[in-house]
Amino acid sequence: MAKPQAVVAPVLMSKLSVNAPEFYPSSYSFNYTESYEDGCEDYPTLSEYVQDFLNHLTEQPGSFETEIGQFAETLNGWVTTDDAMQELVELIYQQATSIPNFSYMGARLCNYPSHHLTISPQSGNFRQLLLQRCRTEYEVKDQAAKGDEVTRKRFHAFVLFLGELYLNLEIRGTNGQVTRADILQVGLRELLNALFSNPMDDNLICAVKLLKLTGSVLEDAWKEKGKTDMEEIIQRIENVVLDANCSRDVKQMLLKLVELQSSNWGRVHAASTYREATPENDPNYFMNEPTFYTSDGIPFTAADPDYQEKYQELLEREDYFLDYEEDGTDLSGGGDPYLDDIDDEMDPEIEEAYEKFCLESERK
């Protein structure tokens, strides 16, 4: 196996042997660099290097963003033949379909080298070889869906990985626009057919998982093309619920899925046309309106029928205090005979209204 060419690490700083130009990020392959420093010529193979990185991502998925760039750069100095590219595709595919919960990470991992591996062997680039590998599994879908439990379990892992691949594998056009792979959309439709044609519990559960994952995107894509595939799938689900000999729990799952689809997959869209809110068309129109108080301490808001009258009275009442600071300091330069003559003691009615006002404010 050819050794990887020299790679300068722009982000991850790790040990670099003085006798070996190869770079291996210490976070997941530090043992290799130590072996170089000990004078050992036992270089890792491509399989060992890639598998170490895959295991590292399985244990620390949060490191994907910071380390994927260096990983791809290292592969560019290593994957220089058809065989090496085939081996890389197979390693990632096996990890994505055999390790629980790695299908999403595997799909993201597949997208990156699809755009950043510079080599394009005669047998095809990374994305082409990946789709060819998926096709191998796809072609035996009908046998797999009716196979034994182990075969079905492996088939279900492939189905969910293909769903993640449909969502995460980006196809970039000549004008820079990003689209999804239509071939995967067609493949998912046929995989659903295979699952519903063999309505065993685990097949139906896999179909539910796939539709929860991709249903909204698939339906949008089909509607854009004027297709009714999702309506056909829902009809098929309803037939399964009525006729298939599946468990009660699985039937409940299927019914919940139908309900989810009928609610636009739980998505909330804003109204297509904007209408200005008014008391007539918005029941919450006055919800955030401020609360005012009359001279008697009675609260009122803009929702009250006599709001304008009460509010005008409030403004007139406040006009008395425009020339005074909060502490009562006269800003006008002269005293007001009317105010000067007011006794410090509150009128009983005003005092009662004030207390009522305070109680009402405290309650609110």
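Check the entry above for the structure.
What comes next concerns the included structure. (Residues numbered from 1 in each chain as written. Predicted model: local features only at pLDDT ≥ 70, side-chain atom pairs only at ≥ 80, totals over all residues. Heavy atoms only, no water.)

1. So, helix H12 (residues 248-262)
Next, step 1: With 15 residues, H12 should cover 21 Å at 1.5 Å per step; its first-to-last C-alpha distance of 21 Å lies within 8% of that length.
Next, step 2: If you check which residues of H12 are buried, you get Val250, Leu254, Leu257, Val258 and Gln261. Looking down the long axis of H12, one finds its buried residues gathered within 100 degrees of arc, a one-sided arrangement. Exposed residues pointing more than 90 degrees away from the buried face of H12 are listed as Arg248, Asp249, Lys256 and Ser262.
Next, step 3: Looking at the packing, one finds that the buried side of H12 touches helix H9 (182-197), helix H10 (201-224) and helix H11 (229-243).
Next, step 4: Positive phi shows up at asparagine 264, right after H12, with a value of about 60 degrees. (Helix = DSSP H or I, 4+ residues; strand = E, 2+ residues; numbered from the N terminus. Expected span 1.5 Å × (residues − 1). Buried < 20%, exposed > 50% of the residue type's maximum accessible area, 1.4 Å probe, protein only. Arc of directions from axis to C-beta. Contact = heavy atoms within 4.5 Å.)

2. Focus: the nonpolar core
In a soluble, globular protein the nonpolar side chains are often hidden away together inside.
Next, step 1: With 73 residues, the main nonpolar core has Leu165, Phe196 and Ile237 as its most contacted residues.
Next, step 2: For this core, the element with the most residues is H10, which contributes 10 residues.
Next, step 3: Filtering out sequence-adjacent residues up to four positions away, isoleucine 237 remains in contact with Phe196, Leu211, Leu254, Leu257 and Val258. (Core = buried A, V, L, I, M, F, W, Y, C linked by side-chain atoms within 4.5 Å.)

3. A short note on the environment of tyrosine 104
Next, step 1: By the element assignment, tyrosine 104 lies in helix H5 (residues 103-116).
Next, step 2: For tyrosine 104, a relative accessible area of 39% gives the class partly exposed.
Next, step 3: Expressed as a C-alpha distance, the spacing of tyrosine 104 and asparagine 168, which sit 64 residues apart in the sequence, is 8.3 Å.
Next, step 4: Setting aside residues up to four positions removed in sequence, tyrosine 104 forms contacts with Glu164 and Asn168.

4. Some details on the packing of H10 against H11
Next, step 1: Contact geometry of H10 with H11 gives a least axis separation of 10 Å together with a crossing angle of 155 degrees. Comparing the axis directions of H10 and H11 gives the class roughly antiparallel. Viewed along their axes, H10 and H11 form a crossing whose handedness is left-handed. Between H10 and H11, the residues in contact are Leu204, Leu211, Gly215, Leu218, Glu219 and Trp222 and Asp229, Met230, Ile233, Ile237 and Val240, respectively.
Next, step 2: Of the residues belonging to the contact of H10 with H11, the class tally is 8 nonpolar, 1 polar and 2 charged. (Axes fitted to C-alpha atoms, helices over the stretch in contact; angles between N-to-C directions. Parallel < 35°, antiparallel > 145°, perpendicular 65-115°, else oblique. Left-handed = near helix turned anticlockwise from the far one by under 90°. Nonpolar A, V, L, I, M, F, W, Y, C, P; charged D, E, K, R; others polar.)

5. Focus on helix H4 (residues 82-98)
Next, step 1: Taking 1.5 Å of rise per residue, the 17 residues of H4 would be expected to cover 24 Å, and the 24 Å separating its terminal C-alpha atoms lies within 8% of that figure.
Next, step 2: Every buried residue of H4 is accounted for by Ala84, Met85, Leu88, Val89, Leu91, Ile92, Tyr93, Gln95, Ala96 and Thr97.
Next, step 3: Close packing links the buried residues of H4 with helix H2 (46-59), helix H3 (64-76), H5, helix H6 (126-138) and helix H8 (149-168).

6. Quick look at the packing of H2 against H3
Next, step 1: At a minimum axis distance of 12 Å, the contact between H2 and H3 shows a crossing angle of 170 degrees. When the axes of H2 and H3 are compared, the pair comes out roughly antiparallel. From H2, Leu46, Tyr49, Val50, Phe53, His56 and Leu57 reach across to H3, where they touch Phe64, Glu67, Ile68, Phe71, Thr74 and Leu75.
Next, step 2: Here the residues of the contact of H2 with H3 sort into 9 nonpolar, 2 polar and 1 charged.

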